[in-house]
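Here are the chains, one letter per residue:
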Amino acid sequence: MIGFSVNGKRVDLEVDPSTPLLWVIREQLGLTGTKYGCGMAQCGACTVHINGEAVRSCVTPVSRVDGKFVTTIEGLSPDLSNPLQRAWLEEDVPQCGYCQSGQLMSAAVLLREKPAPTDEDIDEAMTGNICRCGTYPRIRRAIHRAAEMAAKGGAR
Amino acid sequence: MIRRKLERRDFLKISVAASGGLLIGIRFPGISGLAVAQSSAAQPASANTFMPNAFVRIGTDERVTVIVNHSEMGQGVYTSLPMLLADELDADWSKVGFEPAPVDPKYNHPAFGIQMTGGSSSVYSGLQQFREAGAAARAMLIAAAAQQWNVAASDCRTESGAVLNGARKLTYGQLASAAAKLTPPEHVQLKDPKDFKLIGKPIKRLDTPEKLNGSAVFGIDVKLPGMLTAVIARPPIFGAKMKSFDDSRARSMPGVRKIVAIPAGVAVIADTFWQAKTAREALRVDWDEGSMQNFNTSEMMHQFRERAKSPGSSVRKDGDFDAAMAAAARKVEAVYEVPYLSHLMMEPLNCAVDLRADSCEVWTGSQFQTIDRANAAKIAGLPPEKVQLHTTFLGGGFGRRANPQSDFVVEAVYVAKAAGAPVKVLWTREDDMQGGWYRPAFLHAIEGGVDAGGNAVSWRSRLVGQSIMSGTPFGAAFMKGKDYDPASVEGVDDLPYEIPNLTVESHQAEINVPVQWLRSVGHSHTAFATECFMDELAGAAGKDPYRFRRGLLQKHPRHLGVLDLAAQKAGWDKPLPKGMGRGIAVHFAFESYSAHVAEVSVEDGNIRVHRMVCAIDCGQYVNPGIIAAQTEGGAIFGASAALFQELTFEKGRLQQTNFNSFPVMRMNECPQIETYLVDNHEKSGGIGEPGVPCAAPAIANAVFAVTGKRIRKLPIRMSEAV
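Residues numbered from 1 in each chain as written. Chains lettered and ligands numbered in written order. Predicted model: local features only at pLDDT ≥ 70, side-chain atom pairs only at ≥ 80, totals over all residues.

Participant: Can you walk me through the interface of chain B and chain A in this structure?
Facilitator: Size of an interface, as often reported, equals the accessible area lost when the parts are brought together. Listed as interface residues are 45 residues of chain B and, on the opposing side, 46 residues of chain A. Sorting the residues of the side of chain B that touches chain A by element identifies helix H5 (273-281) and helix H16 (624-643) of chain B as the ones contributing at least two each. By residue number, the principal contributor to the side of chain B that touches chain A is H16 of chain B, which donates 6 residues. In the side of chain B that touches chain A, the residues fall into 22 nonpolar, 14 polar and 9 charged. (Contact = placed C-beta atoms within 7 Å. Helix = DSSP H or I, 4+ residues; strand = E, 2+ residues; numbered from the N terminus. Nonpolar A, V, L, I, M, F, W, Y, C, P; charged D, E, K, R; others polar.)

The following block contains the structure:
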């Protein structure tokens, strides 16, 4: 039995401990916002937070989150009120949208650590997240915008 | 010079002008004369809804739902097509939503005659259709209000989801039930473009909110009660056949339900994906490797090169190339090579099927609904109308999800037959990359000459590569009367430069690697070869590449327009810091004109693209925000191919498996991109693909500007520059 918190809710599961967290989240817990893209920590589509850190869930055995706090895109904010989601709306970022959960989860950790990130900070934090549609220029603008929103609006 | 006309383009032009009245006769086996039986229309109108036509439903709750017959794969059709309808309807945009269309002939592409998404044609082919649908609904709502008020329809006007007459006002929701009882008008009056409220504005996409909280449903997210998950062990070499398999270990592994041979390979069906994948690793399959076991791409390119030494099928012949070449003062020869490429959508292929005795439901991100449904029906042993195909969001398409054989749908129906339960077949990234249907590799051998005055006098392009169309139902329609594939030569067959002696020849290579259209199709390689060679000719003429092109485009104002715009915005004549260079390219594709200027630096053999300036002329446009996004995305897509991407085969086996061996441009490599849109009243063109072709030649030409080395092979490697 493996127990952990997902988006503030306690879950206890009977599952092969070597199963990647990604598939437990998607198939056992039905939270399909976290995406599969590569299975080898190359693309970032599966990014979630474990105890606040951005982690590639496709290569993280579920045993490693026993007793920990997991946040998925569904837990970022229930009503799109997170400054990142608001900025993503204002910059009209997504195209196909498949990678955007991972992009947002990586950006959330970046903004927590660096509330006013430089372009270099963005490069460093976001380079692990591939977007095949090429939304990078808009993601960059949206991160700067979210940082400004958060600075003006305080913690939301 | 006589400008040869491209049949397909004319088809589209004529068909679209005729507002869906003309179809091209593509015959798909199993789809009789395109008259596929009527099936479920989009959720039919009930007492509480007004559905005047197949494209819109208005509820008493004021919701306006636009039924979209094209797939949303990122290109924005769930926004741009509703904009067209909503503008003519005078709808309240905040009440407008979208819904994917079911498979039904009503939703066929007006030009291609099947339900599909491709050719960058969704918006321009739907322009009339969606506007007319909105205008018809509006006329009926006005008629309903006029009846209620006992006034003339001409005394009523509409505004933001309501009909008004003096101080009186009835909302569309209030009128929905009454309007539903009226007969749709035979003719409708469309708005004067000056009255557009939505069309032409950068309206925010309707599908963004659900893509920011994980609620958007892609094919991979579909969950059905009691659903199993399957992965398939596919042949390691194209054309290999399964001889036998040993599942003694795999079948007793946790969660495994069934392991079964199907035409595509061996399917492992389990409760969860991870169980299926783990069991597949324990499976032993013995393959008869077939005729491709010694196939190597390096050898293939060598053969292409040899073949290009002899004449191919004649595609275009203006003047006398040989005589002009003999008389030319300076001659240039170059051979360009491009590799096989994978579409590499972020969402790997998948398909969910619920097969019952007398019905079959399919959920997938399809670009080819009519064909996928017909192919699914064949395998299911059901008539097409018993098969429902639900189009989910596509996590990228780029052409891969428009497969003439419906490969990823067909195999899922086979698996469903064996599973005896609803099942989703999921491809791993490796499965997806190794599964074929690539952009074909091509070789272009080009020779050209300039006279003593520096004027281009001769050009001959010989192309060698596999045909996409040949052997498919499209081949019969598009290759009619031709001994070459127009999709191989598009972009070189209509080379716009005024060169009096111009020859284009095509060699079709027969290789058992499945190939398919990939974003911008033939243009993805023809623009690279022709625009790089233009720079080589400019060099021979001793002229600036931008001005050399200008001189040869005097009869092509729209080419010239984007070329000038890109050059001007990039500051073509302004010096760059040392170690940086600029390159330019211009190209026409999918009814739109595009030009790029790239600024690059090269350090220790590493190329960095700093800035890309893109000019685009797609005629009358619908949503400039989406156009900018597609142009930026197209440039990045093209730059990824130019800088990083190559599929290679050794002993029949593909050498690339995942993003680490087939890289995509990442955030830290992404240049600053500027997009400039030409404002005109020309006929609308496409936007999903035209941003791709110019990226590679603009970058390659910039590399020459900074290093003095010519790039003749993609992806660009300085070690291979000449």
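Participant: Looking at this structure, how should I read the nonpolar core?
Facilitator: As a rule of thumb, nonpolar side chains are buried together in soluble globular proteins. Residues and elements named next belong to chain B. Formed by 285 residues in total, the largest nonpolar core has its most connected members in Ala-230, Val-268, Val-413, Val-415, Ala-566 and Ile-699. Counting residues per element, this core draws most heavily on helix H3 (residues 122-149), at 14 residues. Sequence-distant contacts of Ala-230, that is, excluding residues within four places in its chain, are made with Ala-267, Val-268, Ile-269, Ala-276, Val-415, Ala-419, Val-423 and Val-425. (Core = buried A, V, L, I, M, F, W, Y, C linked by C-beta atoms within 7 Å. Buried ≥ 20, exposed ≤ 12 C-beta atoms within 10 Å, placed from the backbone.)

Participant: Sorry if this is basic, but what is going on with H16 of chain B here?
Facilitator: Along an α-helix, residues three or four positions apart point the same way, because every turn accommodates 3.6 residues. The terminal C-alpha atoms of H16 of chain B lie 28 Å apart, and with 20 residues this matches the ideal 28 Å at 1.5 Å per residue to within 8%. For H16 of chain B, the tally of buried residues reaches 18 of 20 residues, placing the bulk of the element in the interior. (Expected span 1.5 Å × (residues − 1).)

Participant: How do you make sense of unusual backbone geometry when you look at a structure like this?
Facilitator: For residues other than glycine, phi is negative in most cases, and the peptide bonds are mostly trans. All names here are of chain B. Between Leu-714 and the following residue, Pro-715, the backbone shows a cis peptide bond with an omega angle of -5 degrees. Tracing the chain through its elements places Pro-715 in the segment after helix H17 (695-707). In the Ramachandran plot, Ser-120 falls in the positive-phi region, its phi being about 55 degrees despite a non-glycine side chain. With respect to the helices and strands, the residue Ser-120 is situated in the loop between strand E4 (96-100) and H3. Residue classification places Ser-120 among the buried positions, given that 27 C-beta atoms sit within 10 Å. The residue Asn-150 is not glycine, and still its phi comes out positive at about 60 degrees.

Participant: Would you mind showing me how to read the sheet that holds strand E4 (residues 53-56) of chain A here?
Facilitator: Two modes of strand pairing occur in sheets, parallel and antiparallel, and in both the strands are linked by backbone hydrogen bonds. All names here are of chain A. Taken together, the 5 strands give an open sheet; going across it, the order is E2-E1-E5-E3-E4, and neighbouring strands pair in mixed fashion. Edge positions in the sheet fall to strand E2 (9-13) and E4, since each has one partner strand and no second. Neighbour to neighbour, the strand axes of the sheet diverge by 35 degrees on average, direction disregarded. Inspection of the sheet shows strand E1 (residues 2-6) paired to E2 by 5 bridges, in the antiparallel sense. Counted as the bridge partner of Phe-4 is Val-11 from E2. Strands in contact with helix H3 (residues 100-113) are strand E3 (47-50) and E4; relative to E3, the strand with the most contacts, it is inclined by about 40 degrees. (Pairing = 2+ DSSP bridges. Axes fitted to C-alpha atoms, helices over the stretch in contact; angles between N-to-C directions.)

Participant: How should I be thinking about the domain arrangement of chain A in this particular structure?
Facilitator: Residues and elements named next belong to chain A. Its domain assignment divides chain A into domain 1 (2-75) and domain 2 (83-153). For domain 1 and domain 2, the distance between their C-alpha centres works out to 21 Å. Facing the 13 residues of domain 1 at the interface are 11 residues of domain 2. The set of elements that each furnish at least two residues to the side of domain 1 that touches domain 2 consists of E3 and E4. (Domains from an automatic or database assignment.)

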